[in-house]
Amino acid sequence: MSDHHIKQLSDLTDEIVACRMCTRLVDWREKIGKEKRASYKDWDYWAKPIPSFGDPDASLVLIGLAPAAHGGNRTGRVFTGDPSATFLTAAMHEAGLANQPTSEHREDGLKLNGVYIGTAVRCVPPGDKPTAEEQRTCLPYLVQELRILPNLKVIMALGHIAFRAALQTLSDMAEEKLRGKFMHGEVYRFGHTLPMIIASYHPSPRNTNTGVLTKDALVNVLKKAKELSQS
Ligand code: SF4
């Protein structure tokens, strides 16, 4: 990645972290940061928007829904310090996309290989349910980010909201409405000038504890996404 791209990403990250556009989410993220979970009472919660994380030369981008209240909102890194992160990082490690199987805190040594991870909405929403307006307000950050990444080939969308955000992002890039129906493991191609999308169920406890998404199923989609992004 060129110095120009690195500067662009860094400026965008600064802008995202300082964002206070969604009043409801700003109040919520800060309330959680003050009240804390008892088991994390000694933590100084991040309680700000969560920037994306990973390899800026990535050809594969993973998009989640939003930071977890006591995961990303506490640690300041996306998919870090919560059960979804534990499940996803172990699967990424097995698929050869991460140097270690755990994601606990910002200084834990985790490095992603050819992958960049972000979320459709950068602030934790009450009940993990951002409103349609909050999703619309946050989407331009994703559009800008994906435009900067010079090697992007594949977007892996984790869950329905991330899938819609990925479709909308590519629609904005293409300046035409792109359509697709979410199906786990499905690949969506939109021509040679746009990245493709691959869909997966979100690795949330709701899905992983009920068998909707097993570790093997997630590893398989990650391996498929990796192969597509490197072809
Ligand atoms: S969700 Fe996005 S747009 Fe809304 S306050 Fe957070 S960073 Fe800003």
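Please read these numbers as outputs of a predicted model, since none were measured by experiment. (Residues numbered from 1 in each chain as written. Predicted model: local features only at pLDDT ≥ 70, side-chain atom pairs only at ≥ 80, totals over all residues. Heavy atoms only, no water.)

The next point concerns the nonpolar core. Counting 40 residues, the largest nonpolar core has Ile-63, Ile-155, Phe-163, Phe-190 and Ile-197 as its most contacted members. Those residues in contact with Ile-63 that lie beyond four places of it in its chain are Gly-118, Thr-119, Ala-120, Leu-142, Ile-155, Met-156, Ala-157, Leu-158, Ala-162 and Ala-166. Trp-46, Phe-79, Met-92 and Val-221 belong to the second-largest nonpolar core, a separate cluster that totals 33 residues. (Core = buried A, V, L, I, M, F, W, Y, C linked by side-chain atoms within 4.5 Å. Buried < 20%, exposed > 50% of the residue type's maximum accessible area, 1.4 Å probe, protein only. Contact = heavy atoms within 4.5 Å.)

Positive phi is not limited to glycine here, since Ala-47 has a value of about 55 degrees. Of note, Ala-47 is situated in the loop between α2 (23-35) and β1 (53-54). (Helix = DSSP H or I, 4+ residues; strand = E, 2+ residues; numbered from the N terminus.)

So, about the packing of aromatic side chains. Per the counting criterion, the structure on display carries three aromatic pairs. A centroid spacing of 4.9 Å and a plane angle of 55 degrees characterise the contact between Phe-163 and Tyr-188, whose relative ring orientation is tilted. Taken together, the residues span a long stretch of sequence, with Phe-163 in helix α6 (residues 160-174) and Tyr-188 in strand β5 (residues 187-188) at a distance of 25 residues. Looking at Phe-163, the relative accessible area reads 2%, which means it is buried. (Phe/Tyr/Trp six-rings, centres within 6.5 Å; stacked < 30°, edge-to-face > 60°.)

For the rest of this paragraph, the subject is the site of the ligand. Around the ligand, a shell composed of Cys-19, Met-21, Cys-22, Leu-25, Pro-49, Val-121, Arg-122, Cys-123, Thr-137, Cys-138 and Tyr-141 is seen. For the ligand, the cavity whose grid points lie within 2 Å of the majority of its atoms is the largest cavity. At three residues, helix α5 (residues 132-148) tops the list of elements feeding residues into the shell around the ligand. In the shell around the ligand, the residues fall into nine nonpolar, one polar and one charged. (Near = heavy atom within 4 Å. 1 Å grid on protein atoms, 1.4 Å probe; cavity = no way out; pocket = protein on both sides within 12 Å on 5 of 7 lines; lining within 4 Å. Sits in = over half its atoms within 2 Å of the grid points. Nonpolar A, V, L, I, M, F, W, Y, C, P; charged D, E, K, R; others polar.)

Right, let's talk about helix α8 (residues 215-230) for a bit. The end-to-end C-alpha separation of α8 is 22 Å, in line with the 22 Å expected for 16 residues at 1.5 Å each. Of the positions making up α8, those classed as buried are Leu-218, Val-219, Val-221, Leu-222, Ala-225, Leu-228 and Ser-229. In this structure, the buried residues of α8 make contact with β2 (60-64), α4 (83-94), β4 (154-158), β5 and β6 (196-200). (Expected span 1.5 Å × (residues − 1).)

Think of it this way: side chains of opposite charge can pair up when their charged atoms draw near. Evaluation of the coordinates by the stated rule reveals eight salt bridges. Where Glu-134 meets Arg-24, a salt bridge forms, and the shortest distance between an N and an O atom there is 2.8 Å. Note that Glu-134 is positioned in helix α5 and Arg-24 in helix α2, a separation of 110 residues in sequence. Here Arg-122 makes a salt bridge to Glu-145, at a shortest N to O gap of 2.9 Å. On the criterion of sequence distance, the pair formed by Arg-122 in the loop between β3 (115-119) and α5 and Glu-145 in helix α5 is long-range, its members being 23 residues apart. Taking relative accessible area as the criterion, Glu-145 reaches 2% and is therefore assigned buried. (Salt bridge = Lys/Arg side-chain N within 4 Å of Asp/Glu carboxyl O.)

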